[in-house]
Amino acid sequence: MAKINSNYQKLQAGYLFPEIGRRVRAFAAANPEAKIIRLGIGDVVLPLPEPIVQAIKDASDEMGARESFRGYGPEQGYDFLLSAIADHYKSQGAAVEADEVFVSDGSKCDTANIQEIFGLDNVIAVTDPVYPVYVDTNVMAGRTGEAKDGRYGKLVYLPTTAENGFEPALPTVKADIVYLCSPNNPTGALMSRASLEKWVKYAKENEAILLYDAAYEAFIQEPGQVHSIFEIPGAREVAIEFRSLSKTAGFTGVRCAYTVVPKDLKARNDQGELVGVHGLWLRRQTTKFNGVSYPIQKAAEAVFSPAGKKAVADNIAYYMENARIIREGLAAAGLTVYGGVNAPYIWLKTPAGLGSWDLFDKLLNEAHVVGTPGAGFGTCGEGYFRLSAFGIRENVVEAVARITKIL
Ligand SMILES: *Cc1c(COP(=O)(O)O)cnc(C)c1O
């Protein structure tokens, strides 16, 4: 008899978004006249900018002509895109070479797959609350114990709450691999330069690796803030960075992201010798991945063109104006809000000691607004609630008016 990977049975049932979907469908069925506004799942709503659409069309035409047709491309990505990405990093003050960039079809897969190249006995640290992909993929791989009270055995949890300004404190036990996300989903917090320097120092001293998810880097509004971990001296020896065009450029349905594995990054094998991590990821990708389609890589290249950069910045400004409207509107009504300045998420403290699922039900039933209960991202998310700035302006304004009326 074939056997399953029993680690899958450790996974907590009732994943967050299916449960939200279930409650919203039940409400909509019982209240067909209600105009529901969805500020829950982090998905973009604005259409692709014109220069990007044009690039897809032109590349499709190339694929339809015998002289310019292309079959399999390089697994790591076409040179034109790798260099555009490396140039973009350099313009941000981060030393990244084109051959250190790996283009993929999403940061979800990259942040999920990266753990494969590391041993099963590594101690893994994650923040709480956390993007669930980091946790669940380590559960599937067998790096955790059983779940108890919303937490998995063997994982090291780093609370990020209002009490510590949403800056994860260094672990008190030695962690080998640390997942960091900045700007953060779900809290909307941005890690400071001083905090990132502290983490790089920790990683060096403990021979740990930082897995740095910068999916929302393009949403940073304040000048002088850190966009890439590779702006921090020494980070090339201790960090991998993930970026995605999903939220940045409206690519959630297009699919293109990239991961930077510096050649200076090393980890130890079972004999205690230092091994380059870049070569392992290259081997993993060339074995299991055949690259992103040519038209989509051309679309991604267009994101870094002057016209593409301008169009993408305009869309981000639209979302960040939504964020400002939500943040200031709720604050003016006396609610305690975090985030929404350098990230498209507002992290709301639930009022009057409401549980985060209680607030979810209250907003759905009384304001017909869908958000995301903080508890769905970890035990430290209890007492918080996430609102996304990815909405059409009039809906965002309407949602704020409805929420402030009932809270
Ligand atoms: C949306 C998101 C991503 C990007 O996922 P894609 O697979 O590239 O669409 C990565 N990390 C976080 C924290 C996200 O919220």
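Definitions and limits used
- Residues numbered from 1 in each chain as written.
- Predicted model: local features only at pLDDT ≥ 70, side-chain atom pairs only at ≥ 80, totals over all residues.
- Heavy atoms only, no water.
- Domains from an automatic or database assignment.
- Contact = heavy atoms within 4.5 Å.
- Buried area = accessible area lost by both parts, 1.4 Å probe.
- Salt bridge = Lys/Arg side-chain N within 4 Å of Asp/Glu carboxyl O.
- Polar contact = N/O pair within 3.5 Å; in protein donor to acceptor, adjacent residues only side chain to side chain.
- Helix = DSSP H or I, 4+ residues; strand = E, 2+ residues; numbered from the N terminus.
- Phe/Tyr/Trp six-rings, centres within 6.5 Å; stacked < 30°, edge-to-face > 60°.
- Buried < 20%, exposed > 50% of the residue type's maximum accessible area, 1.4 Å probe, protein only.
- Lys NZ or Arg CZ within 6 Å of the ring centre and 35° of its normal.
- Near = heavy atom within 4 Å.
- Areas by Shrake-Rupley, 256 points an atom, 1.4 Å probe, with all protein chains shown as cover.
- Nonpolar A, V, L, I, M, F, W, Y, C, P; charged D, E, K, R; others polar.
- Pairing = 2+ DSSP bridges.
- Axes fitted to C-alpha atoms, helices over the stretch in contact; angles between N-to-C directions.
- Core = buried A, V, L, I, M, F, W, Y, C linked by side-chain atoms within 4.5 Å.

## Structural notes on the domain arrangement of the protein chain
- Taken domain by domain, the protein chain consists of domain 1 (7-47 + 308-406) and domain 2 (53-305).
- Look at where the C-alpha atoms of domain 1 and domain 2 centre, and you get two points 25 Å apart.
- On the side of domain 2, 46 residues touch domain 1, which itself brings 32 residues to the contact.
- Of the roughly 3,300 Å² buried between domain 1 and domain 2 on both sides combined, carbon and sulfur atoms contribute 62%.
- When residues of domain 1 are sorted by the area they lose upon contact with domain 2, K10, N342 and F377 head the list and together hold 21% of the total.
- Linking domain 1 to domain 2 there are zero salt bridges.
- On the surface where domain 1 and domain 2 come into contact, there are 16 residue pairs in polar contact (both at pLDDT 80 or more).
- The greatest single-element share of the side of domain 1 that touches domain 2, amounting to six residues, is contributed by helix 10 (residues 306-332).

## Details of the packing of aromatic side chains
- Under the counting rule described, the total for this entry stands at 20 aromatic pairs.
- Between the aromatic rings of W199 and Y202, the centroid separation amounts to 5.7 Å while the plane-to-plane angle is 70 degrees, which identifies the pairing as edge-to-face. Pair noted here: W199 and Y202 are both in helix 6 (residues 193-206), with a separation of three residues, about one helical turn. The burial state of W199 is the same as that of Y202; both residues are buried.
- Feature note: the residues Y216, F219, Y318, Y319, Y345 and F390 constitute an aromatic cluster, connected by ring pairs.
- Against the face of F80 rests K298, its NZ or CZ located 4.4 Å from the ring centre.
- The ring of Y318 carries the charged tip of R393 above its face, separated from the ring centre by 4.5 Å.

## Topic: the environment of K309
- Counting through the fold element by element, K309 comes out in helix 10.
- Overall, K309 belongs to the partly exposed group, its relative accessible area being 41%.
- Distance from K309 to A218, taken between C-alpha atoms, is 10 Å for residues 91 residues apart in sequence.
- Ignoring sequence-local partners within four residues, the contact set of K309 consists of H88, V303 and F304.

## With respect to the site of the ligand
- Surrounding the ligand, one finds 14 residues, the nearest of these being D213, Y216, S244, S246 and K247.
- Here an oxygen atom of the ligand sits 2.7 Å away from a polar atom, N or O, in the main chain of S107.
- Within the side chain of R255, an N or O atom sits 2.7 Å from an oxygen atom of the ligand.
- Here the ligand loses 93% of its free accessible area of 390 Å² to cover by the protein chains.
- Of all the elements in the fold, those that place two or more residues in the shell around the ligand are helix 4 (107-113) and helix 7 (245-249).
- Its residues assigned to classes, the shell around the ligand shows five nonpolar, five polar and four charged.

## As for the pairing of strand 14 (residues 345-349)
- With four of five residues buried, strand 14 lies mostly within the body of the structure.
- As paired strands, strand 13 (residues 337-339) and strand 14 are joined by three bridges and run antiparallel to one another. Bridge pairing in strand 14 links G339 to I346.
- From the end of strand 13 to the start of strand 14, which pair antiparallel, there are five residues, and G340 there has a positive phi angle of about 75 degrees.
- Bridge analysis of strand 14 against strand 17 (residues 384-388) gives five bridges, and the strand direction is antiparallel. When the bridges of strand 17 are listed, K349 appears paired with Y384.

## Quick notes on the sheet that holds strand 8 (residues 209-213)
- The seven strands are arranged 2-10-9-8-7-3-6 in an open sheet whose pairing can be described as mixed. Each having just a single partner strand, strand 2 (101-104) and strand 6 (156-159) make up the two edges of the open sheet. Strand-to-strand, the axes of this sheet are offset by a mean angle of 20 degrees, without reference to chain direction.

## A few points about the nonpolar core
- Grouped together as the largest cluster of nonpolar side chains are 97 residues, with contacts concentrated most on L210, I229, L245, F251, C256 and L330.
- Counting residues per element, this core draws most heavily on helix 10, which supplies eight residues.
- Excluding anything up to four places from it in sequence, I229 contacts L196, V200, L210, Y212, A235, A239 and E241.

## Digging into the sheet that holds strand 17
- The four strands lie next to each other as 13-14-17-16, forming an open sheet whose pairing is antiparallel. Every other strand in the sheet has two partners, leaving strand 13 and strand 16 (372-373) as the edge strands with one partner each.
- By the bridge criterion, two bridges tie strand 16 to strand 17 in an arrangement that is antiparallel. Its bridge partner being in strand 17, T372 is matched across the sheet by R386.

## A word on the pattern of salt bridges
- For the coordinates displayed, the defined rule picks out 24 salt bridges.
- The residue R243 makes a salt bridge to E217 at a minimum N-O spacing of 3.4 Å. Of this pair, R243 sits in strand 9 (residues 239-244) while E217 sits in the loop between strand 8 and strand 9, placing them 26 residues apart in sequence.
- The exposure class of R243 is buried, given its relative accessible area of 1%.
- Each member of the salt-bridge network shares a partner with another, and the members are E19, R22, R23 and D361.

## Regarding the pairing of strand 17
- Strand 17 sits mainly inside the fold: five of its five residues count as buried.
- With burial as the criterion, each face of strand 17 is covered, one bearing Y384, R386 and S388 and the other bearing F385 and L387.

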